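Analysis of the macromolecular model
Take a look at the letters that make up each chain.
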Amino acid sequence: MSEEPGPSDTQPQSQSQSQSQSQSQSQSQSSSSSSSAPQSSSQSSSSSGSGTLSSVDTIPVRDLSSIPEEAEDPEEPPPQPWGRLLPMEKGFAMHNCIKDEYWFGRDRRCDYSFNNALIRKSEKYASYSKKHFRIFRESGIPYIEDHSGNGTYLDGQYMGQGKKLPLANNAELALSVPQNKVFVFIDLTVDEQSNLPKEFKDKYLISRKIGSGVCGEVKLAFERSTCKKVAVKTINKKDFSSTDRTNPSAEREIEILKKVDHPCLIKTVDFFQTEETYYIVLELMEGGELFDRVRSRSGLKESTAKLYFYQMLLAVEYLHNNGIIHRDLKPENVLLSSNSDVCLIKITDFNQSKILEEASLMKTLCGTPTYLAPEVFTHAETVGYSRAVDCWSLGVLLFVCLSGYPPFHTHQGINLSIKEQITQGLYSFLPSIWNKISEQAKDLVKKLLVVDPEKRLSVQQALQHPWLQDEDMRATAKKLMYPESVTGEDQPSSSRKRPLQENVDEQPSKRMSSGPST
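Everything quoted here is computed from the prediction, not taken from an experiment. Every residue gets a number counted from 1 within its own chain, in the order that chain's sequence is written. Thresholds applied to this predicted model are a pLDDT of at least 70 for local features of residues and 80 or more for the giving and counting of side-chain atom pairs; totals over whole chains, interfaces and linings are not thresholded and use all residues. Just so you know, side-chain values use all the structure's heavy atoms and leave hydrogens and water out.

**Considering the nonpolar core**
Counting residues in each nonpolar core, the largest one holds 63 residues, and the members touching the most others are Leu290, Tyr308, Phe309, Met312, Leu394 and Leu444. A helix here means a DSSP run of H or I that spans at least four residues, while a strand means a run of E at least two residues long, and both kinds are numbered starting from the N terminus. Ranked by residue count, the leading element in this core is helix α9 (residues 302–321), at 12 residues. Both domains that meet at this core, namely domain 2 (191–284) and domain 3 (287–358 + 366–483), each give it at least three residues. With sequence-adjacent residues up to four places away left out, Phe309 is seen in contact with Leu394, Leu398, Leu444, Leu448 and Trp467. Nonpolar core, defined: a set of buried Ala, Val, Leu, Ile, Met, Phe, Trp, Tyr and Cys residues in which side-chain atoms within 4.5 Å join the residues together. Each residue is placed in one exposure class: buried if its accessible area under a 1.4 Å probe, protein chains only, is under 20% of its type's maximum, exposed if it is over 50%, and partly exposed if it falls in between. Core analysis: the second largest hydrophobic core is formed by 24 residues, Leu85, Cys97, Leu167 and Val182 among them. As used throughout, domain bounds are those supplied by an automatic or database domain assignment. Any pair of residues with heavy atoms lying within 4.5 Å of one another is described as a contacting pair.

**Structural notes on helix α11 (residues 388–403)**
Here the expected length of a helix is defined as 1.5 Å per residue gap, with one fewer gap than residues. Taking 1.5 Å of rise per residue, the 16 residues of α11 would be expected to cover 22 Å, and the 23 Å separating its terminal C-alpha atoms lies within 8% of that figure. Summarising burial for α11: 16 of the 16 residues are buried, a large majority. Downstream of α11 by one or two residues, Gly404 has phi in the positive range, about 90°.

**What to know about the environment of Leu196**
Along the chain, Leu196 turns up in the loop between β11 (181–187) and α6 (198–203). A relative accessible area of 11% means that Leu196 is categorised as buried. The spacing of Leu196 and Ile206 is 10 residues in sequence and 9.3 Å in space, taken between C-alpha atoms. Not counting chain neighbours up to four residues away, the residues in contact with Leu196 comprise Lys201, Ile206 and Tyr279.

**Examining a nonpolar patch on the surface**
Only residues whose relative accessible area exceeds 30% and that form no salt bridge are eligible for patches; like-charged ones are grouped when within 9 Å, while nonpolar side chains (Val, Leu, Ile, Met, Phe, Trp, Tyr) are grouped when within 5 Å. Areas reported as accessible are Shrake-Rupley estimates using a 1.4 Å probe. Residue values count occlusion only from the protein chains shown. For this analysis, a salt bridge means a side-chain nitrogen from Lys or Arg found within 4 Å of a carboxyl oxygen belonging to Asp or Glu. Nonpolar side chains collect at one region of the surface, where Ile414, Leu416 and Leu426 lie side by side and expose about 200 Å² of accessible area between them. Turning to its location among the elements, Ile414 is positioned in the loop between α11 and α12 (418–424).

**Examining the sheet that holds strand β17 (residues 288–289)**
Hydrogen bonding along the main chain pairs the strands of a sheet, whether they run parallel or antiparallel. Read from one edge to the other, the open sheet built from three strands follows the order β17-β19-β20, with strand pairing classed as antiparallel. The sheet is open, and its two borders are formed by β17 and β20 (345–347), each paired with just one other strand. Note: two strands are recorded as paired if DSSP finds a minimum of 2 bridges between them. Note that β17 and strand β19 (residues 334–336) share two bridges and pair antiparallel. Its bridge partner lying in β19, Glu289 is registered against Leu335.

**Some points on helix α8 (residues 290–297)**
Those residues of α8 not exposed but buried are Leu290, Arg293 and Val294. For α8, the arc enclosing every buried residue in end-on projection is 95°, short of the 170-degree limit, so these residues lie on one face. Opposite the packed face of α8, turned more than 90 degrees from it, sit the exposed residues Arg295 and Ser296. Those residues of α8 hidden inside the fold are in contact with β17, α9, β19 and α11. Within two residues after α8, Ser298 carries a phi angle of roughly 55°, on the positive side. Here, the arc refers to the directions that run from the helix axis to the C-beta atoms.

**Thoughts on the pairing of strand β14 (residues 229–236)**
For β14, the tally of buried residues reaches seven of eight residues, placing the bulk of the element in the interior. Direction of pairing for strand β13 (residues 216–223) relative to β14: antiparallel, over a ladder of seven bridges. The residue of β14 that forms the bridge with Glu217 is Thr234. Connecting the antiparallel pair β13 and β14 is a turn made up of five residues, with Cys227 showing a positive phi of about 65°.

Put into structure tokens, the structure is as follows:
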């Protein structure tokens, strides 16, 4: 009588017999699973005489692979932005465009609401609309659409309510008035960063062109970690290749910029280079160029011109004390910290400066003709010229600031070239303008625009001129230059008297001195 297989209760010996017999079975039997159907009585009785065995004991089981772990769904990469708005005004923050549409305005329901405390305190806040503008993307092309009452400006162009325009890479967005620039748009689908050094790309995001000079162009950039705005000057090395490779302008500028440390001179923030290009990261001045300020107002108020000129003198004094001649002083190379009349100024563009080593004379004819000293034209090839050339340029700068026009120019009724006017020292004070200007200011202009460099005022002598003995102006300049100074004891006094430097060509120390002295 056969029995149904039950739970295994056999002895080890019966297990051995069962295993031995099972080896003679067909491969099909040996491959049966432990959950196979009950065995026949003949198989059970022949396997053991000690009782019934379970199929687990009678049929060997091949090892299966381990139970597979349930595969985790791979994490989807986060969506990448197609555009980025970088802030140009305090209170506004960087915004990445990931969705296809974003609304901007005072309404809290906007995707980007103008509710930052700094924005709300701004006098322009009331001019912003609840829904001022929207940025969206259609067929991969970014657009901006104006929905404001007071206007949205794209690169200075008034848009008009309900009008949309394509949004180009590096476009500037202004709200209510064209001067109120709040964002610059970066199209992240356009790769303009590929040729930049990796170290630069990791630290900065480069944006639109904001200027150009003899050495190269200047672009706005943002520090990635802070969104701080900086200026990046790019210089193509090929533009300064020469047969002897000695003292090229770009390398000279970089070395000077690394060494200068004065509140009225532009500071170098960072420096990178490739085989083809230099990248000089400079502090950004928000107020633009002195040239634009003077042109827009047809000259400056005398008090404003005095404040700016005093700072220029301190900056050039620092350069001269450290063996540096600027050689290209002009309104385009004087930058302003803000749009306010009372602001810090900084001199920039040292690409044509000359570090004096053993020789104090320069024999390189360069610079901007309108601001060049007479000796540059008459003696450059034979005698050379010294730091007095900067004093002449400062005289031209002061003339321009006070009057709004250059002393040497081509005009109807003037038959002399600019070079002839300069070498002869021929200029005039138009009564309609200069009658409003003090005699002391005119006297300083006259003593700087002296053809003979030996008789021309030095920077130190100019600082001692009666027109600049204005303690209120000097105190204002000191606050602008050293805002963190409370008592003034930790900074050199801008009104401290010092002996006049009799020999302006005396070899200066090669070590940079700290701070101005007047």
